[in-house]
Amino acid sequence: MKAAFLPDRGVVKVSGEDARNFLNGLITTDIAELRPGQGRFGALLTPQGKIIVDFLITEIPAGHGGGFLIDAPRALAKALADKLGFYKLRAKVAVEDLSDSLGVLAAWDGEPTMTTDLAYADPRNAVLGWRIVIPEGLKQQLADLIGADLVDSDAYEAHRIAAGAPRGGLDFIYGDAFPHETNMDRLNGVDFDKGCYVGQEVVSRMQHRGTARTRTVKVILDGPSPEVGATIMAGDKQVGTIGSTAGERGLALVRTDRVADALDAGLPLSAGGLSLHLADPDDVRTPPKKTVA
């Protein structure tokens, strides 16, 4: 088993007697039945249905004071805390950015020999492994405790890319992408049966009308890696953009109809003059099977 501390992740705490209902009325995932030792994947959206920030969330055991911990991009943690503070109005809720004292350890390629109070299986995809909220200074001690080899965060990035889990800022732009475009609907990040939340009408409409034409897909690079953001071409037509890459694997945000047409026409794909192809051509034709954590 491998483990890596993720320096790009921050932690926001939401506590208080109204915390559960407060969050449930704002975010895409349902935390009504969330319990300690479990995690959910979700996002806070604009009223127009675009992602402000996506995150993982777990409940804090009562013995540690209760509340919820949100594992979010560190660069956006303060903005998320401020945004939640803006929404709380008279709700009995406290919001704190704890990113200076707490971070996130990811563990994968095996099962931990034991789990801690703030550990949970990654809800997006079982292959992504586990998430554990800890102070950075305890990363080696915790890795030893769970029976994992502590490795650099670049190893987790390669694992994330191979698993097909998009990362905001690289694979999509915050404030400019809908949940369907980043596969949140396929990664257990949107609950279509829960009550209202910010942006819910737009997301539900896209789901029921099947209007999502842009998707994040896994690609195989046939040589050197194109730069992040490079335009993907099929012949003389733009069909998408390159996201994060590691070795021969990468993620790309593509117009599925245009890529499907290119495949049907036998047109090769390239970005920055560098050749690539889809890891699974069915990704632009039929929805892949949902992976349940």
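Refer to the structure presented above.
Fair warning: this is a prediction, and the values are worked out from it, not measured in the lab.

The rules behind the values
- Residues numbered from 1 in each chain as written.
- Predicted model: local features only at pLDDT ≥ 70, side-chain atom pairs only at ≥ 80, totals over all residues.
- Heavy atoms only, no water.
- Pairing = 2+ DSSP bridges.
- Helix = DSSP H or I, 4+ residues; strand = E, 2+ residues; numbered from the N terminus.
- Axes fitted to C-alpha atoms, helices over the stretch in contact; angles between N-to-C directions.
- Contact = heavy atoms within 4.5 Å.
- Buried < 20%, exposed > 50% of the residue type's maximum accessible area, 1.4 Å probe, protein only.
- Arc of directions from axis to C-beta.

(A) Structural view of the sheet that holds strand E6 (residues 94–97). Pairing is antiparallel in the open sheet, where five strands are placed in the order E3-E4-E5-E2-E6. The sheet is open, and its two edges are formed by strand E3 (39–45) and E6, each paired on a single side. Direction aside, neighbouring strands of the sheet carry axes that sit 30 degrees apart on average. Alignment of strand E2 (residues 9–15) against strand E5 (residues 68–73), held across six bridges, turns out to be antiparallel. Across the sheet, residue Gly10 finds its bridge partner in E5, namely Ala72. On top of the sheet, helix H2 (residues 74–88) reaches E2, E3, strand E4 (51–59), E5 and E6; it is set at about 130 degrees to E5, its chief contact.

(B) Structural detail: helix H6 (residues 256–265). Burial in H6 covers these residues: Thr256, Val259, Ala260 and Ala262. Down the axis of H6, the sector holding all buried residues measures 160 degrees, keeping them to one side. Exposed and oriented more than 90 degrees from the buried face of H6 are Asp261, Asp264 and Ala265. Taken together, the buried residues of H6 touch strand E11 (214–221), strand E12 (231–234), strand E13 (237–246), strand E14 (249–255), strand E15 (269–271) and strand E16 (274–278). Within two residues after H6, Gly266 carries a phi angle of roughly 75 degrees, on the positive side.

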